[in-house]
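Structural overview
Chain by chain, the residues:
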Amino acid sequence: LRTAAVIPAAGRGVRLGPGAPKALRTLGGVPILVHAVRAMARARAVQVIVVVAPPEGAAEVRALLDAHGLPESTDIRVVPGGESRQESVRLGLAVLPDDVDVVLVHDAARPLVPVETVESVVEAVRGGAPAVVPGLPAADTVKSVDPGTGIVTGTPDRSLLRAVQTPQGFDRTTLAKAHATVTRDVTDDASMVEQLGVPVLVVPGHEEAFKVTRPLDLVLAEAVLARRRA
Ligand code: CTP
Ligand code: MG
């Protein structure tokens, strides 16, 4: 049985400001999406990759991946995405081959995740955890706020918080069930599994697995790449 990675890459990247869809912007001259696909393909366990492209951009993404010469040994599929991240992931899950039993879901917007992080997530799922997320201790103090008044309503104990990343890894049946039953809006896949009452395990994340969200993140990503190439 094989391990697959679904890479949602269909977002516009509104917070990054005007320009091409985020996944198609470049880092070190290479599209962010290509970095993300390579990061997954580098993990020996990952044999199937499903890229969820911007809704009108599937052909362009296919051409881009072919042009960047990805490993022949990896089965790479491209499908058009949807309106929300959740829908995009669901569209990606729909084209997984039958012989896949472990699924990673990895944001294209985390192009620099180290292979060790990917492998540790796969190992934890293969070791029996139905859902696994990489996470880091929260750096900032986090407050809940009343959005109407701007008044703070609480300060959760920081030592109990983790900032979670991707790839998030799942037993395929568990993830499929979550996507088939949970309709509430969520920002990651693990929270859907949590709603089923299935335990989600946190393993150590990595600071280089940060998400490219705002313009400053591009500066950081370029610096990390330059350091790797030095
Ligand atoms: N994503 C997706 N389909 C969507 C929305 C998001 O596949 N309809 C993907 C993005 O391409 C990204 C990942 O989900 O790789 C994480 O989302 P985020 O960082 O929020 O990216 P965007 O939604 O593109 O950015 P923004 O929220 O700033 O518009
Ligand atoms: Mg978004």
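Quick caveat, the model's predicted, so the values are computed rather than measured.

It is worth spelling out the overall build of the protein at this point. Each helix and strand counted, the protein has 7 helices and 12 strands in total. A compact globule built from 230 residues should have a C-alpha radius of gyration of about 17 Å, and the protein, at 17 Å, falls within 12% of that. Principal axes of the C-alpha set define a box for the protein whose edges measure 50 × 40 × 35 Å. Counting across all 230 residues of the protein, residues that qualify as buried make up 48%. Nonlocal contacts in the protein, meaning residues at least 24 apart in sequence, comprise 72% of its contacts between residues at least 6 apart. Distance between charge centroids for the protein: 3 Å, based on 25 positive and 26 negative side chains.

Its location among the elements puts P137 in strand β7 (residues 131–137). Taking relative accessible area as the criterion, P137 reaches 59% and is therefore assigned exposed. Taking the C-alpha atoms as reference, P137 lies 23 Å from A39; in sequence the two are 98 residues apart. With residues up to four places along the chain from it excluded, the contact list for P137 reads L161 and R162.

Here D189 shows up in helix α6 (residues 189–195). The class of D189 is buried, set by a relative accessible area of 1%. Side-chain polar atoms of D189 contact the side chain of R85, separated by 2.8 Å. A distance of 2.9 Å separates polar atoms of two side chains, one belonging to D189 and the other to H179. The residues contacting D189, other than those within four sequence positions of it, are R85, V89, V105, Q168, F170, L175 and H179.

Rules used in this analysis
- Residues numbered from 1 in each chain as written.
- Chains lettered and ligands numbered in written order.
- Predicted model: local features only at pLDDT ≥ 70, side-chain atom pairs only at ≥ 80, totals over all residues.
- Heavy atoms only, no water.
- Helix = DSSP H or I, 4+ residues; strand = E, 2+ residues; numbered from the N terminus.
- Rg over C-alpha atoms; globule rule 2.2 N^0.38 Å.
- Buried < 20%, exposed > 50% of the residue type's maximum accessible area, 1.4 Å probe, protein only.
- Contact = heavy atoms within 4.5 Å.
- Lys, Arg positive; Asp, Glu negative; His and termini not counted.
- Charge placed at Lys NZ, Arg CZ, Asp CG, Glu CD.
- Polar contact = N/O pair within 3.5 Å; in protein donor to acceptor, adjacent residues only side chain to side chain.

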